[in-house]
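# Coordinate analysis (summary)
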Amino acid sequence: MTSYLVRRVAGALVILMIISAITFYLFYAVPRDPARAFCGKICQPETLALIRHNLGMDEPLFVQYWHWLVGIFAGREFVQFGSCPAPCLGYSFATQEPVFSAIVDRFPVTVSLTLGASVVILAFGILTGMIAAWKVGQPLDKIASSSSVIGASLQIYFVGPLLAFYLVDTMQLIPRPSYVPITENPLDWFTHLMLPWVVLSIIFTANYTRMTRSQMVEQLAEDYVRTARAKGMSSRSVFFRFAWRGAMIPILTIFGVDLATLLGGAIITEQTFSLHGIGELAVRAVQNTDLPMLLGVTIVGAAAIVLLNIVVDVLYAFIDPRVRLS
Amino acid sequence: MRSHSRRIASMTAVLAAGALALAGCAKGGGGGAPQSAGGASQKPLENKAVSAISVGTAADSTGPAPEVQGAKSGGTVYMIDRDDFSHLDPGRVYVNYNSSVSHLFTRQLTAYKHDDSGNIKLVGDLATDTGTTTDNGKTWKFTLKDGLKWQDGTPITSGDIKYSFERLFADFITEGPDYAETWLVPDPKKPFRDQYKGPYDGKELDTIETPDDKTVIFHLNGLHPDFNFTVAMTGYGAVPKAQDTKQKYDKQPFSSGPYKIVSHITDKSMDLERNENWDPKTDPIRHAYPDKFHMEFGLQSQQTTERFMADAGNDKQAFTFHNPVAPERTQEVLNDPELMKRSLQGLTPFTTFYNINTKRITDVNVRKAIITAWPSKQIQQLQGGEISAGKIATTVMSPTVLGYEAFDLYNKLQKPEGDPEAAKALLAKAGNPNPTVVYAYNQTPTQEKVTVAIKEALGKAGFKVVAKPLNAGTYYDAIGPVDNKYDIYWGGWAADWPTGSTAIQPQYDGRLISDNQPNYTHLNMPEINDAIDKANAIADAAEAGKAWAAIDRQIMDQAAIVPEFYQTYFGLYGSGLGGVKFDPVEGEQSALDIFVK
Amino acid sequence: MTFPSSTATDAAAESADTAGTAGSGSAVVGRSPGQLMWRRFRRDKTGVVSAIIVLAFFLIALLAPVIAALYGKDPYTTYGQNQPGLLNEFGYPIAPNGGVSGDFWFGLEPGLGRDVFTQLVYGIRTSLSIAVIVTVVSTIIGIAMGITSGYIGGKTDYVIGRVIDTLLAFPSQLFLIVFLPVVEAAFVLPEEETPVWLRYVSICVVLTVLGWATIARLLRAQVLSLRAREFVEAARVTGASPARVIFKELLPNLWTPIIIQATLALPLYVGAEAGLGFLGVGMTEPTPDWGRMFQVGANVYHSDVTYLLFPGVSMLIFVVAFNLLGDSIRDAFDPKTKR
């Protein structure tokens, strides 16, 4: 187990190194000049050169990358701005803050959004899927199945504003989405994120309804279920005590794969409701051609996905005793 | 996996949902009705200022500031806005938003005093008056008031003032204005940092003289009769030598004003408390009614608008420096008389315009045709109308500049949507009925739409428009080179102080043309250059104003720019506050007279 | 913008065990698999209706200029700005419901006052053509990589496998918005014009690069299992060249999962393309584009929710119809999955 984890983490680090090098070279090949923004309204060429020097932009690309790498462990100093403590993922010249602290600031928003949506997706998807499987062929099953087709076809950027218009603007049922730290006011945190959670989970829930249903139907045909039935166990206890366990394993696997997609959906959701999460940070960085920020967000995003996949694999081993990590 | 009937069910369901959604819009949509009502409650904006800017006397410069009616002390005022202040080190403050907050803890030699009728007066802030010059603006003498103290109780001396100017030459101070720096070194033509490197290696700047603790004398390298306006910029605010932490000073400046910073968390919040060592008797412009300020950042204008409209809890005592009413909520706000009672509107010093590259479009008639055909009205509508975007401009100078004269050479106020027929006539006169023009723009969703309108309007007059989208991050680099390949490109300007010299000279003095300089039109007319020199030498402010207005007319006659807007501001604040005012110099809300009701 | 991942793997899991049967099992009846599939499909009413709707969308896209000419408007003219009385001073349509009228069937775009109906019709062209191109190209690349990886095995398989794993594990939306400007900047200098086709090509390139991995992984698994089967072994033993084995023996057995995968992917690309437009990194003005309509819609919905409904509902209908069509095709190819 320990050696498995060590190997996985080491592998992840190598992948992240490669990605950071590629993105760094790609990004820095793009012509851009953050220096102009720090030069007063009437910008003298000498001042501009001085700022370029201050930002470390007058060095060769591989030296810049080396500084960036070292900065992650040792921190960096910028003449123009002061220090960027370790782990320094670079300094955003557009927003004038260390990239890492900007990401840390935004992290709770994106985590709240994706975690909450995950709960809705899994709880609601599995529940409806089980109901559908329990009542195969009956009206409930039909409703669950057909609404899942529509749900999967909806788009966040359509449903989001639409629900906001009806539920927030017109009926004033729920507050306008925003982020209130859970430490500040848990109730506000919940009510203000309700709409984003629902919107983000709509397109995903449908898949889980479908998957749960088909997995359950499959499990009910398995030998061990038949044995249990033959031994006189009621179909209700078979359904709720055995079959669902078997069904959960593939669903969890798929969920691990889906996390990356979910994070992508979070970007659109954040943009739709102007929540200041990582996604919104990335979109703003694209608009500003803020390369240090983009690089940082990319690396952190990649790291999160790689890490979560490791976690899912480990979890998998706990749920399914047949899986051995080695 | 699904039977046919089930799929038919979902098919029907989606069609039904579509129908429902479409039916729902019957209740929801439509922006028609409120429009007429909107116009009714909207006060027309006047083109103010003009002669309302004046230079005050020593009596105007003495404290305390006149009481605000109904004001009382105490309480906490909240400020909610989009961004954190990017710079607070006075030397690095140029943006109005940073300036607005700096007024609470940074003082300069001079400052602007506003009265209720909207008049602006330049008065002494740290200085007893607005400074004196005996040689038409080459030497300036300022005397400091008695009883001035830093937040730790030590006196503010002329040495501190001298030091504040010296440190502007340091390598980490690049964002602020550099007028004074250029004027204080021996040769204004050479880079100022080559001539003096700042005080950190122990060298002093000998063009600033401090004969005693109260007197500062500046020896400039040229005639600058409005230098007393220059030093009103926050960029020339006072910094104490004993407390200078260099780069770190940007986050925690040392206070000379009524409040001091007790905490500042980047991008989140900033808290101010009373500075007990500030003496109101020395200050002609600042009140300090509230005990505390709590400032919160990271809120888009949609969110602040929403919160001001809801007016709940602490938001009752909240204002915003910068965030305007979100354009998509403007209609709603205008139609709500209760909200309009706690709204502010006014003309900011910002003007926007489209530069016409006179190096490439050399025929003045073609340039005139561009202005004549320009879809000013459409562009205004695309950006939220007069109240959100601005008044359609017809001149170079903003109405907030001393000496502004209103004129409309191209009939833009009569035909704001463009006059293709008149433009065609001009093009015929130029002998070029179908010129090709290259329009470069910043690629944002709004600018893309503006481009569509421009293409359409110029096309009607016979122009062939080639639109070149530029990346927002490199826009100014692309239009910066003198030999750029574009004919028309957007620009914006605010005079650094409200006289014609900073409104006109940097942009239209043909001798200043070089890469990345603000003369983006590349206009180089000897008669205009001469007129600029003459206007610069006029000592009397009102006379100088007239001279600048004449130059304004000359530039417009050359059709060097298509003026776009005199930008307007429209904002809200909470119902529990009084004394919230619009600051026409910064173009946003002012905190100086605020009190908790 | 949902990117192919979960839905795709879901389908992969479903069809993985049945691929072989489609080819070999049908020979008994004496009809070609194609004929069989067609017969089954025709009996499926939902499938036929969905097919008609999807076809209608493609036809509308192809005939956009004809439709616009008959209707008498185009997607570029700013009607609302040219004719007074259509938009109010804030740029919103004066007539209720977003300016829907006999002249403007779907109303007017707030701000510029262009015709929504023609925008929508022309917008289909952009979205569908990008989706089709990306689907075709990424499927071809996926087939090539998947078969290479599965058939050759060894080190090649390992390398391709790792690339696929990396691509699948990444937050593709983030990469899309981050890389689009980079790809574009690699082609044009900042002072040069960015041509419309370049943005179009960049979108296609980025979507393809991030999209081929799903199908490649699926096909690799299929090839691995097929390679061990007797008929492939037999062909190899009789000295058939690798090309012959791939094209004559393997590929005919892979069409089913390929087509299923492609039908699943296409609506996702339509959504992804619109998502880019929504985030402001998609097609630029004045090219009509659904994504940008969503962007405008999300900005103006407080005052003019009608505008948002037209692209929203159109897209919903298209994606639902296409998904149902995909289901029907899958069922027709593969009757076993229909339980």
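Numbers given for residues are sequential positions, taken from 1 along each chain in its written order. Labels are handed out in written order, letters beginning with A for the chains and numbers beginning with 1 for the ligands. It should be noted that, the model being predicted, local features are given only for residues of pLDDT at least 70 and side-chain atom pairs only at 80 or more, the latter also being counted only at that level, while totals for whole chains, interfaces and linings use all residues. Hydrogen atoms and water are omitted, and side-chain values are computed over all heavy atoms in the structure.

Further remarks concern the sheet that holds strand β3 (residues 110-114) of chain B. All names here are of chain B. Pairing in this open sheet of 3 strands is mixed, and the strands run β1-β4-β3 from one edge to the other. The open sheet has two free edges, formed respectively by β1 (53-55) and β3, since each of these has just one partner strand. Here the average twist between neighbouring strands, direction ignored, is 30°. By definition, two strands form a pair when at least two bridges between them are found by DSSP. Numbered from the N terminus, helices here are DSSP runs of H or I no shorter than four residues, and strands are runs of E no shorter than two. Note: β1 against strand β4 (residues 120-124), 3 bridges, orientation parallel. Of the residues in β4, the one forming a bridge with Val55 is Leu122. Axis geometry follows a simple rule: fit a line to the C-alpha atoms, using only the stretch in contact for helices, then measure angles between N-to-C directions, giving values from 0 to 180 degrees.

Residue and element names in this part refer to chain B. For strand β16 (residues 488-494), a buried count of 5 out of 7 residues is recorded, marking the element as mostly surrounded by other parts of the structure. The sheet contact formed by strand β12 (residues 343-356) and β16 spans 7 bridges and is antiparallel. Following the sheet pairing, Thr352 is matched in β16 by Gly492. Judged from the 2 bridges that link them, strand β14 (residues 436-442) and β16 form a sheet pairing that is parallel. Paired with Ala440 across the two strands is Tyr489, which belongs to β16. Buried residues are those whose accessible area, probed at 1.4 Å on protein chains only, stays under 20% of the maximum for their type, while exposed residues exceed 50% and partly exposed ones sit between those limits.

Judged by side-chain polarity, Val14, Met17, Ile18, Ile22 and Leu26 of chain A come together as a nonpolar surface patch covering roughly 440 Å² of accessible area. Its location among the elements puts Ile18 of chain A in helix α1 (residues 2-28). Here a patch means residues that are over 30% exposed by relative accessible area and free of salt bridges, tied together within 9 Å if like-charged and within 5 Å if nonpolar (Val, Leu, Ile, Met, Phe, Trp, Tyr). Accessible surface area values rest on a Shrake-Rupley calculation with a 1.4 Å probe, where residue burial reflects the displayed protein chains alone. When a carboxyl oxygen of Asp or Glu is within 4 Å of a side-chain nitrogen of Lys or Arg, the pair counts as a salt bridge.

Two aromatic rings, drawn from Phe, Tyr or Trp (for Trp, its six-membered ring), form a pair once their centres lie within 6.5 Å of each other, and the interplanar angle then sorts them: stacked below 30 degrees, edge-to-face above 60, tilted otherwise. Counting across every chain of the model gives 51 aromatic pairs over all chains. A centroid spacing of 5.5 Å and a plane angle of 65° characterise the contact between Phe190 of chain A and Trp197 of chain A, whose relative ring orientation is edge-to-face. The structure contains a cluster of three or more aromatic residues connected by ring pairs, namely Trp140, Phe142, Phe165, Tyr179, Trp183, Phe218, Phe227, Tyr236 and Trp497 of chain B. We call a charge positioned above a ring when the Lys NZ or Arg CZ atom is no farther than 6 Å from the ring centre and deviates by at most 35 degrees from the ring normal. It is Lys246 of chain B that lies over the ring of Tyr200 of chain B; its NZ or CZ is 4.6 Å from the centre. Sitting above the plane of the Tyr79 of chain C ring, Lys73 of chain C keeps its charged end 5.9 Å from the centroid.

Residues and elements named next belong to chain A. UniProt positions are given in the numbering used here, feature names are shortened, and annotations may be inferred rather than shown by experiment. UniProt marks residues 9-28, 115-137, 149-169, 189-209, 242-268 and 293-319 with the feature "transmembrane region" (unreviewed entry), using the numbering shown here. In residues 115-137, the share of helix is 87% and the share of strand is 0%. The end C-alpha atoms are 33 Å apart. Taken end to end, residues 189-209 comprises 100% helix and 0% strand; its first and last C-alpha atoms sit 27 Å apart.

We now examine the packing of helix α17 (residues 500-508) of chain B against helix α18 (residues 526-536) of chain B. Between two packed helices, the angle of one axis relative to the other and the distance separating the axes together describe the packing. All names here are of chain B. Put simply, α17 and α18 touch, their axes get as near as 11 Å, and they point 150° apart. On the basis of the axis angle, α17 is roughly antiparallel to α18. The handedness of the crossing between α17 and α18 comes out as left-handed. Every residue of α18 that contacts α17 at Ser501, Ile504, Gln505 and Tyr508 is listed here: Ile528, Asn529, Ile532 and Asn536. Classification used: nonpolar for Ala, Val, Leu, Ile, Met, Phe, Trp, Tyr, Cys and Pro, charged for Asp, Glu, Lys and Arg, polar for all others including Gly. Split by residue class, the contact of α17 with α18 holds 4 nonpolar, 4 polar and no charged. Each angle is binned into one of four classes, with values under 35 degrees roughly parallel, values over 145 roughly antiparallel, values of 65 to 115 roughly perpendicular, and all other values oblique. Left-handed describes a crossing whose near helix is turned anticlockwise from the far helix by less than a right angle; the clockwise case is right-handed. We call two residues in contact whenever any of their non-hydrogen atoms come within 4.5 Å of each other.

Now for the nonpolar core. Here the nonpolar core consists of buried residues drawn from Ala, Val, Leu, Ile, Met, Phe, Trp, Tyr and Cys, with membership extended through side-chain atoms lying within 4.5 Å. One finds Phe27 of chain A together with Ile177, Phe294 and Phe318 of chain C to be the most contacted residues of the largest nonpolar core, which totals 150 residues. Sort the elements by how many residues they give to this core and helix α16 (residues 306-333) of chain C lands first, with 17 residues. Counting residues in each nonpolar core, the second largest holds 104 residues, with Trp150, Ala232, Leu426 and Trp497 of chain B among its members.

Right, let's get into the sheet that holds strand β5 (residues 139-143) of chain B. Strand pairing within a sheet occurs via backbone hydrogen bonds; the two strands may be parallel or antiparallel. Residues and elements named next belong to chain B. Spatially, 3 strands are ordered β5-β7-β6 in an open sheet, and the strand pairing comes out antiparallel. In this open sheet, the two strands that pair with only one neighbour each are β5 and β6 (208-212). Sheet twist, expressed as the average angle between the axes of neighbouring strands with direction ignored, equals 20°. Summarising the sheet, β5 and strand β7 (residues 215-219) pair through 5 bridges and their orientation is antiparallel.

Bringing the interface of chain A and chain B into the picture now. Listed per partner, the contact involves 47 residues of chain A and 49 residues of chain B. Summed over both partners, the accessible area lost on bringing two parts together, with a 1.4 Å probe, is the buried area. Summing the contributions of chain A and of chain B, the shared interface buries around 3700 Å²; its carbon and sulfur component is 50%. Across the contact surface, chain A and chain B share 2 salt bridges. A salt bridge links Glu306 of chain B to Arg176 of chain A, with the shortest nitrogen-to-oxygen separation between them at 2.5 Å. Whenever two N or O atoms come within 3.5 Å, that pair is a polar contact, provided that in protein one can donate a hydrogen and the other can accept it, and provided that, for residues adjacent in sequence, both atoms are side-chain atoms. For the pair chain A and chain B, the number of links is 4 residue pairs in polar contact (both at pLDDT 80 or more). Of all the elements, helix α2 (residues 45-54) of chain A adds the most residues to the side of chain A that touches chain B, at 7 residues.

Residues and elements named next belong to chain B. For the domain bounds, the source is a domain assignment made automatically or taken from a database. What the domain assignment lists for chain B is domain 1 (86-253) and domain 2 (347-568). The C-alpha-based centres of domain 1 and domain 2 are spaced at 33 Å. Across the interface of domain 1 and domain 2, roughly 970 Å² is buried in total on both sides, 63% from carbon and sulfur atoms. There are 5 residue pairs in polar contact (both at pLDDT 80 or more) connecting domain 1 and domain 2. Secondary structure elements with two or more residues in the side of domain 1 that touches domain 2: α5 (179-184) and α7 (227-230). Considered class by class, the residues forming the side of domain 1 that touches domain 2 number 7 nonpolar, 3 polar and 1 charged.

Tracing the backbone shows Asn275 of chain B in the loop between β9 (269-274) and β10 (292-296). Ignoring any residue separated from it by four or fewer positions in sequence, one finds Asn275 of chain B in contact with Gln151, Ser255, Ser256, Gly257, Pro258, Tyr259 and Lys260 of chain B.

All names here are of chain A. By definition, disulfides here are pairs of cysteine sulfur atoms that lie within 2.5 Å. Tallying each qualifying case throughout the model produces 1 disulfide over all chains. Paired through a disulfide, Cys84 and Cys88 show a sulfur-sulfur distance of 2.1 Å. Note on the Cys84 and Cys88 pair: the S-S dihedral is about 105°, so by sign convention the disulfide is right-handed. Look at Cys84 and you get buried, because its relative accessible area is 1%.

This next bit is on the packing of helix α8 (residues 116-152) of chain C against helix α9 (residues 154-168) of chain C. Residues and elements named next belong to chain C. Here α8 crosses α9 at 140°, and the two axes come no closer than 7 Å. With respect to their mutual orientation, α8 and α9 come out oblique. Pair α8 / α9 crosses with left-handed handedness. Side by side, α8 and α9 meet where Met145, Thr148, Ser149 and Ile152 of the first sit next to Gly154, Thr156, Asp157 and Ile160 of the second. Classifying every residue of the contact of α8 with α9 by side-chain character gives 3 nonpolar, 4 polar and 1 charged.

Moving on, we come to helix α3 (residues 61-74) of chain A. Helix span is expected to be 1.5 Å times the residue number reduced by one. In this model α3 of chain A runs 19 Å from its N-terminal to its C-terminal C-alpha over 14 residues, within 8% of the 20 Å that 1.5 Å per residue would give. Residue Gly75 of chain A follows α3 of chain A closely and has a positive phi angle near 80°.

Next up on the list: the pattern of salt bridges. All names here are of chain B. For the structure on display, the rule yields 32 salt bridges over all chains. Among the salt bridges present, the one from Glu332 reaches Arg329, with a minimum N-O distance of 2.8 Å. Given a relative accessible area of 36%, Glu332 falls into the partly exposed group. Relative accessible area serves as the criterion here: at 8%, Arg329 is assigned to the buried category. Arg511 serves as the salt-bridge partner of Asp533, at 2.7 Å between the closest nitrogen and oxygen. Separated by 22 residues along the polypeptide, Asp533 in helix α18 and Arg511 in the loop between α17 and α18 bring together distant segments of the chain. Note on Asp533: relative accessible area 36%, which makes it partly exposed.

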